[in-house]
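Residues per chain, in single letters:
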Amino acid sequence: MKCLVTGGNVKVLGKAVHSLSRIGDELYLEPLEDGLSLRTVNSSRSAYACFLFAPLFFQHYQAATPGQDLLRCKILMKSFLSVFRSLAMLEKTVEKCCIALNGQSSRLVVQLHCKFGVRKTHNLSFQDCESLQAVFDPASCPHMLRAPARVLGEAVLPFPPSLAEVTLGIGRGRRVILRSYHEEEADSTVKAMVTEVCLGEEDFQQLQAQEGAAITFCLKEFRGLLSFAESANLNLSIHFDAPGRPAIFTIKDSLLDGDFVLATLSETDSYSQDLGSLERHRPVPQLQAHSTPHPDDFANDDIDSYMIAMETTIGNEGSRVLPSISLSPGPQPPQSPGPASEEEDEAEPSTVPGTPPPKKFRSLFFGSILAPVGSPHGPSPVLAEDSEGEG
Amino acid sequence: YGLKRGISNMIAKLAKTCTLRISPDKLNFILCDKLANGGVSMWCELEQENFFSEFQMEGVSAENNEIYLELTSENLSRALKTAQNARALKIKLTNKHFPCLTVSVELSSMSNSSRIATHDIPIKVIPRKLWKELQEPMVPDPDVSIYLPVLKTMKSVVEKMKNISSHLVIEANLDGELNLKIETELVCVTTHFKDLGNPPLASESTSQDRNPEHMAEVHIDIRKLLQFLAGQQVNPTKALCNIVTNKMVHFDLLHEDVSLQYFIPALS
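Residues numbered from 1 in each chain as written. Chains lettered and ligands numbered in written order. Predicted model: local features only at pLDDT ≥ 70, side-chain atom pairs only at ≥ 80, totals over all residues. Heavy atoms only, no water.

A few points about the domain arrangement of chain A
It is common to give the size of an interface as the accessible area lost on bringing the parts into contact.
All names here are of chain A.
Argument step 1. What the domain assignment lists for chain A is domain 1 (2–128) and domain 2 (143–185 + 193–265).
Argument step 2. Summarising the inter-unit geometry, the C-alpha centres of domain 1 and domain 2 are found 28 Å apart.
Argument step 3. On the side of domain 2, 19 residues touch domain 1, which itself brings 19 residues to the contact.
Argument step 4. Both faces considered, domain 1 and domain 2 share a buried interface measuring about 1500 Å² in area, 60% of it formed by carbon and sulfur atoms.
Argument step 5. By the criterion of area lost to domain 2, the three top residues of domain 1 are Lys 15, Arg 22 and Phe 51, representing 30% of everything that side buries.
Argument step 6. Here domain 1 is connected to domain 2 by zero salt bridges.
Argument step 7. At the junction of domain 1 and domain 2, the tally comes to seven residue pairs in polar contact (both at pLDDT 80 or more).
Argument step 8. When contributions to the side of domain 1 that touches domain 2 are tallied by element, the ones reaching two or more residues are α1 (8–21) and β4 (47–53).
Argument step 9. Considering each element in turn, the side of domain 1 that touches domain 2 owes the most residues, seven residues, to β4. (Domains from an automatic or database assignment. Contact = heavy atoms within 4.5 Å. Buried area = accessible area lost by both parts, 1.4 Å probe. Salt bridge = Lys/Arg side-chain N within 4 Å of Asp/Glu carboxyl O. Polar contact = N/O pair within 3.5 Å; in protein donor to acceptor, adjacent residues only side chain to side chain. Helix = DSSP H or I, 4+ residues; strand = E, 2+ residues; numbered from the N terminus.)

Here is the structure:
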């Protein structure tokens, strides 16, 4: 296999490798007739990622030297990533990148042709491997949404970078909701902040899902694809099914395809109800820039005798300091009867609709040795490690 | 807006957990001098009308129309960070599975669609019996009161000093001079700041007794000073330092409409 990447595409390739590195520690490189595929899977087999670069992405692409079989290999992600570690450097100094698989010496040779005649050659040792194939079919997922990656990127900004999991669901009025997910620990005294972002249907190019549909998946793994998609200015599609079934995230353009398949939390129905019931507790905020809040908004959410509400608007209003509007007091919350009851008045948490079972990301893949090589069949996402070996 | 977030960022750097006191006309961020804080205390005050177009609150009762909440400052600063380019911000006290301060931000977006981000910050309501520990600290009569030099400069000096010694002497006089001194067996380093200016003294009598060049000094933990300086990203409108010899140093800052007071006790 030999291929040559030039110009801006070198950085695109680098970014793809960065994305893949968020998922797994080993990179499966497989030249196919329809392009070069880079795949990885995480150690718990709960996330799979694949980028397929079409032959047109390359200035020159040769899947296999004539007469030879297609080689495929597995290399340490760390090693391959180190070649593309500095994206800034790739953009500024690298003019061409040449990748060649040398079967005889068992080396993957990556050569960066840089400015001023500098040439950096990396010889990475690889292992022969079986083909990493995950079988999945986005068309079999009943729910789907598609939006520019930028929209999803902005939606994800409010979440802390350390957040592991997020729940994506469709709420009332076909609003798409992303909420931070934390494992419930019954007696933990320090609760985590819950962040929720609510987007309107209009932000999506396509939204095909029922209200109440929701899945929870690993945000960190998703961010890998999201950042690539944002930088390439592509649309991102999310295909999903019931909780527990894998969710498929795809991006596509004429030169490349990206597919990330992530396991979702397998929960009983109480979980998706959770999303719905919380919606019911809180009236859907009809926030327009200049409206005064309804007294009801606050009354529903009072903690016993305490109530505060502060609102500010900016932008068109001009100066930040606005004349204070005195609101007529809303319905008076009940006065607390006396000092004794105050200390206990730390509002009792309302009943949680069923404690979710301990988190389990079911492994996506069952190691089936029976699935044959070649065309994927059937909608069940099964990782088939081919029984026939080598390259 | 930027200011509000600036404040919460500052508080987050100064105190991991702090108390938010809400009263009809102002908001206070409080850190009281418990052992856990190493004796440091902080009092930050802002007038609600400078920030909010609508403000509505009801405290425990008519005579005690205040609310005291304990929260993790970083949560608040992260929540407000979302509001950077927002159309509207709403903060209210809610109870969703646990008591929290809900910060609801209407994000600006290209289309007319409304995009809302909500942060539920878990809080602990502080019962009234503990309120007396959270009152505005008494500011004792200082021996010397002086305007501070540029905080960034002070911070870089103290940062370097931290590598040499764990404690430092801060001293100043009524002649506009402030020194930061550290001393170990091997080395002694002093940084001198001159021509800082002193605010007019409160009482006439003290000024007559005192030799203006006489230094009032206090020995403090260098990390506490550094933590305070690290929280100051923007140079304040006004910055004052009050020293009570061998007792404590009191920093009194004003960032536009927000006042911040920080007390560091002397090392015993």
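From this point, the narrative continues.
Quick notes on the sheet that holds strand β11 (residues 178–183) of chain B
Residues and elements named next belong to chain B.
Argument step 1. An order of β12-β11-β10-β13 is seen for the four strands of this open sheet, with the pairing classed as antiparallel. The open sheet has two edge strands, β12 (188–193) and β13 (216–221), and neither has a second partner. Pairwise comparison of adjacent strand axes, ignoring direction, gives a mean angle of 20 degrees for this sheet.
Argument step 2. Direction of pairing for strand β10 (residues 167–172) relative to β13: antiparallel, over a ladder of six bridges. Within β13, the position partnered with Ala 172 by the bridge is Ala 216. (Pairing = 2+ DSSP bridges. Axes fitted to C-alpha atoms, helices over the stretch in contact; angles between N-to-C directions.)

Regarding the packing of aromatic side chains
Residues and elements named next belong to chain A.
Argument step 1. Per the stated rule, a full pass over the model turns up 14 aromatic pairs over all chains.
Argument step 2. Here the aromatic rings of Phe 51 and Phe 260 are separated by 5.9 Å at their centres, their planes lie at 80 degrees, and the arrangement is edge-to-face. Taken together, the positions of Phe 51 in strand β4 and Phe 260 in strand β20 (residues 256–262) put the pair 209 residues apart, joining distant regions of the chain.
Argument step 3. The exposure class of Phe 260 is buried, given its relative accessible area of 1%. (Phe/Tyr/Trp six-rings, centres within 6.5 Å; stacked < 30°, edge-to-face > 60°. Buried < 20%, exposed > 50% of the residue type's maximum accessible area, 1.4 Å probe, protein only.)

Some points on the sheet that holds strand β2 (residues 26–32) of chain A
Residue and element names in this part refer to chain A.
Argument step 1. With antiparallel pairing, the 10 strands of this open sheet are ordered in space as β10-β6-β2-β3-β4-β20-β19-β18-β12-β16. At either end of the open sheet lies a strand with only one pairing partner, and these are β10 (127–128) and β16 (206–208).
Argument step 2. With four bridges connecting them, β2 and strand β6 (residues 73–76) associate as antiparallel partners. Note that in β6 the partner of Leu 27 across the bridge is Ile 75.

Regarding helix α5 (residues 219–231) of chain A
Residue and element names in this part refer to chain A.
Argument step 1. Counted at 1.5 Å a residue, the expected span for α5 with its 13 residues is 18 Å, and the 18 Å between its end C-alpha atoms agrees.
Argument step 2. Within the span of α5, buried status applies to Leu 219, Glu 221, Phe 222, Arg 223, Gly 224, Leu 225, Leu 226, Phe 228 and Ala 229.
Argument step 3. Asn 233, located one to two residues past α5, shows a positive phi value of around 55 degrees. (Expected span 1.5 Å × (residues − 1).)

Some thoughts on the side chain of His119(B)
Argument step 1. Position of His119(B) relative to the elements: it lies in strand β8 (residues 115–125).
Argument step 2. In this structure the side chain of His119(B) is engaged in a polar contact, spanning 2.9 Å, whose partner is the side chain of Thr195(A).
Argument step 3. Once residues lying within four places of it in the same chain are set aside, the contact partners of His119(B) are Pro158(A), Met193(A), Val194(A), Thr195(A), Arg78(B), Ala79(B), Thr82(B), Leu101(B), Thr102(B) and Val103(B).

A closer look at a nonpolar patch on the surface
All names here are of chain B.
Argument step 1. A cluster of nonpolar side chains, namely Ile 164, Leu 186 and Val 187, defines an oily patch on the protein surface of about 310 Å² accessible area.
Argument step 2. Along the polypeptide, Leu 186 turns up in the loop between β11 and β12.
Argument step 3. Assessed through its relative accessible area of 82%, Leu 186 is described here as exposed. (Patch = residues over 30% accessible without salt bridge, like charges linked within 9 Å, V, L, I, M, F, W, Y side chains within 5 Å. Areas by Shrake-Rupley, 256 points an atom, 1.4 Å probe, with all protein chains shown as cover.)

A short note on the pairing of β2(A)
On a regular strand, each side chain points to the face opposite its neighbour's, so the side chains alternate between the two faces of the sheet.
Residues and elements named next belong to chain A.
Argument step 1. With five of seven residues buried, β2 lies mostly within the body of the structure.
Argument step 2. Sheet topology note: the β2/strand β3 (residues 35–41) ladder contains five bridges and is antiparallel. Considered in β3, the bridge of Tyr 28 is made with Arg 39.
Argument step 3. Between β2 and β3, which pair antiparallel and follow one another directly, the connecting turn spans two residues.

Brief notes about the pattern of salt bridges
Residues and elements named next belong to chain A.
Argument step 1. Scanning the model with the defined rule gives 17 salt bridges over all chains in all.
Argument step 2. Among the salt bridges present, the one from Lys 74 reaches Glu 26, with a minimum N-O distance of 3.8 Å. On the criterion of sequence distance, the pair formed by Lys 74 in strand β6 and Glu 26 in strand β2 is long-range, its members being 48 residues apart.
Argument step 3. When its relative accessible area of 18% is taken as the criterion, Lys 74 is described as buried.

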